[in-house]
Amino acid sequence: MEKEKGMGGWLNGSEICRAEADSPFSEFQHKQVILTPRGEGFWDATTCHNPLIKKVEGQYLLFFMGNANGKTNTKRIGLATSKSLDGEWARPEQPLLLPGKEGAWDDHCTTNPAFVKGNDGKYWLFYKSWNTHEYETQKGPIRGNRKYGLAKADSPMGPYTKVSQNPVIDFSSLPNNVQLEDAFVWKQNGKYNMVSRDMGFFNQEYGLHMTTKDGLKWTKPEIAYLEMKHYITEPDPPKHLKRFGRLERPMLLMSKDGKKPQFLFGATQGGAFETSTTFVFEIIN
């Protein structure tokens with residue numbers, strides 16, 4: 001996103017780009033812009049954000065979020081595909097997953113896609129959403145309660161069917177409007193793991209780790225990673241970067257055999273352009 005848009009550019013002006021490096025330890029170089037907002041009349045008119053890329057059966061699947069009005073209530077998950085990373089991307093004319101009916105816990109949007117092949121032979125798509133009425137009427141620094149739902153399909157391309165009218169991860173029974181976002185899911189040692197950004201279970205800066213066997217019942221969150229100052233030293237942030245010091249959008253690069261997380265990627269406020277920048281952490285234990 002352009003610096004001139006400020007941090008709000010993620011919602012009304014993001015583009016999805018590709019950068020490459022010789023290894024996770026090397027500097028990444030920009031290669032191309034893959035998806036840009038398409039303008040009035042399209043479901044992804046004003047932003048393209050939340051990229052998650054997977055390779056399934058020789059095809060690259062790029063899950064992402066687009067919106068139509070520069071606001072949260074039109075955020076929808078879409079799926080672009082390509083046979084090659086530097087090739088032409090087939091862009092979806094319709095979203096992959098829609099919100100629930102009015103009054104449902106997920107009637108506001110669908111966003112933050114997390115994708116994995118399930119042990120039932122189906123493809124699982126986890127998504128974040130919240131309720132519009134709560135979002136519009138609640139008071140406090142964070143309005144609404146972000147929860148996660150699960151939809152399944154026989155093909156990665158869909159159609160996806162929600163497994164329940166209820167969320168599969170819901171912290172709303174806890175005090176202080178505890179919630180989570182930015183989930184990434186992977187399979188390891190016969191279980192499914194999730195790393196996500198904490199929104200109040202411990203604090204607003206940590207990452208959370210949970211596991212499940214069926215995608216429905218999850219363990220109590222543990223700490224996945226700490227605040228940025230635990231790992232790096234940076235100068236004091238500019239006044240306009242109010243969320244400085246927390247790692248968002250955590251994603252993992254697995255070992256070559258796919259069995260073990262090897263690197264943690266994430267984004268945090270700051271960097272040369274005073275917007276956000278990517279960090280890569282090697283996982284040593």
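For the structure, check the block above.
Since the structure is predicted, the reported quantities are computational estimates derived from the model, not experimental observations. (Residues numbered from 1 in each chain as written. Predicted model: local features only at pLDDT ≥ 70, side-chain atom pairs only at ≥ 80, totals over all residues. Heavy atoms only, no water.)

### Some thoughts on the overall build of the chain
The condition that has to hold: Only DSSP runs of H or I reaching four residues or more are called helices, and only runs of E reaching two or more are called strands; each is numbered from the N terminus. Each residue's exposure class comes from its accessible area (1.4 Å probe, protein chains only) as a fraction of the maximum for that residue type: buried when under 20%, exposed when over 50%, partly exposed otherwise. The contact definition used throughout considers only heavy atoms, calling two residues in contact when any of these lie within 4.5 Å. Using a 1.4 Å probe, the Shrake-Rupley method yields the accessible areas, and only the shown protein chains count as cover for residues. Counted as positive: Lys and Arg. Counted as negative: Asp and Glu, with His and the chain ends omitted from the count. Note that the charge is assigned to NZ on lysines, CZ on arginines, CG on aspartates and CD on glutamates.
A count of helical and extended segments in the chain gives two helices and 16 strands. For the chain, the spread of C-alpha atoms along the principal axes amounts to about 45 × 45 × 45 Å. Buried residues in the chain amount to 47% of all 285 residues. Sequence separation of at least 24 residues holds for 45% of the intrachain contacts in the chain that already meet a minimum separation of 6. By element, 49% of the accessible surface of the chain is carried by carbon and sulfur atoms, the whole surface being about 15100 Å². Placing the 37 positive and 33 negative side-chain charges of the chain at their respective mean positions leaves the two points 4 Å apart.

### Let's talk about the environment of Gly41
Mapped onto the fold, Gly41 is located in the loop between strand S2 (29–35) and strand S3 (47–56). Accessibility expressed as a relative area gives 75% for Gly41, which makes it exposed. In sequence terms Gly41 and Pro24 are 17 residues apart; their C-alpha atoms lie 39 Å from each other.

### Remarks on the sheet that holds strand S8 (residues 147–153)
Paired through backbone hydrogen bonds, the strands of a sheet run either parallel or antiparallel to each other. So the rule is basically this: A pair of strands is labelled paired if DSSP reports no fewer than 2 bridges between them.
Here we have four strands laid out as an open sheet, ordered S6-S7-S8-S9, and antiparallel in their pairing. Edge positions in the open sheet fall to strand S6 (111–117) and strand S9 (161–162), since each of these has one partner strand only. Sheet topology note: the strand S7 (residues 123–129)/S8 ladder contains seven bridges and is antiparallel. Residue pairing across strands places Trp124 opposite Lys152, the latter belonging to S8.

### Observations concerning the sheet that holds strand S15 (residues 261–270)
Selection rule: Only C-alpha atoms enter the line fits that serve as axes; for helices the fit covers just the stretch in contact. Angles between N-to-C directions range over 0 to 180 degrees.
Here three strands make up an open sheet; going across it, the order is S14-S15-S16 and the pairing antiparallel. With partners counted over all chains shown, the strands left at the sheet margins are strand S14 (248–254) and strand S16 (275–282), one partner each. Shown here is a sheet whose adjacent strand axes are inclined to one another by a mean of 25 degrees, direction ignored. Pairing of S14 with S15 involves five bridges; the strand directions are antiparallel.

### Re the packing of aromatic side chains
Selection criterion: In this analysis, rings of Phe, Tyr and Trp, with Trp reduced to its six-membered ring, are considered paired at centre separations within 6.5 Å, and the interplanar angle assigns stacked below 30 degrees, edge-to-face beyond 60, and tilted for intermediate values. We call a charge positioned above a ring when the Lys NZ or Arg CZ atom is no farther than 6 Å from the ring centre and deviates by at most 35 degrees from the ring normal.
Throughout the structure, instances matching the rule amount to 16 aromatic pairs. For the ring pair Phe115 and Tyr123, a centre distance of 5.8 Å and an interplane angle of 5 degrees mean the geometry is stacked. When sorted by exposure, Phe115 lands in the same class as Tyr123, which is buried. Linked through ring pairs, Trp124, Phe126, Tyr192 and Trp218 together constitute an aromatic cluster. In this arrangement the basic side chain of Arg143 is found over the ring face of Tyr135, its NZ or CZ atom lying 4.3 Å from the centre. A cation sits over an aromatic face here: Arg146 above Trp130, 4.3 Å from the ring centre.

### So, the nonpolar core
The cut-off we apply is this: We define the nonpolar core as a collection of buried residues of types Ala, Val, Leu, Ile, Met, Phe, Trp, Tyr and Cys that are connected through side-chain atoms lying within 4.5 Å of one another.
Of all hydrophobic cores here, the largest spans 29 residues; its most connected members are Phe63, Phe115 and Tyr160. Of all the elements in the fold, those that place two or more residues in this core are S3, strand S4 (59–67), strand S5 (76–82), S7, S8, strand S10 (179–188), S14 and S16. Other than its neighbours up to four places away in sequence, Phe115 contacts Leu52, Lys54, Val56, Leu61, Phe63, Tyr123, Trp124, Leu125, Pro156, Tyr160 and Val185. Listed in part, the 18 residues of the second largest apolar core include Tyr148, Phe171, Val178 and Ala183.

### A closer look at the side chain of Asn50
Under the convention used in this document: Here a polar contact is taken to be a pair of N or O atoms separated by no more than 3.5 Å, where protein atoms must pair a possible hydrogen donor with a possible acceptor and residues adjacent in sequence count only if both atoms sit in side chains.
Relative to the helices and strands, Asn50 resides in strand S3. Of note is the side chain of Asn50, whose polar atom sits 2.8 Å from the side chain of Asn112. Asn50 has contacts with Phe63, Phe64, Met65, Thr111, Asn112, Pro113 and Arg249, leaving out every residue within four places of it along the chain.

### Brief notes about the environment of Pro156
By the secondary structure assignment, Pro156 is in the loop between S8 and S9. Considered as a pair, Pro156 and Trp124 are 32 residues apart in the sequence and their alpha carbons are 8.4 Å apart.

### With respect to the side chain of Thr111
By the element assignment, Thr111 lies in strand S6. Beyond its immediate stretch of four places on either side in the chain, Thr111 contacts Asn50, Met65, Lys75, Ile77, Tyr127 and Lys128.

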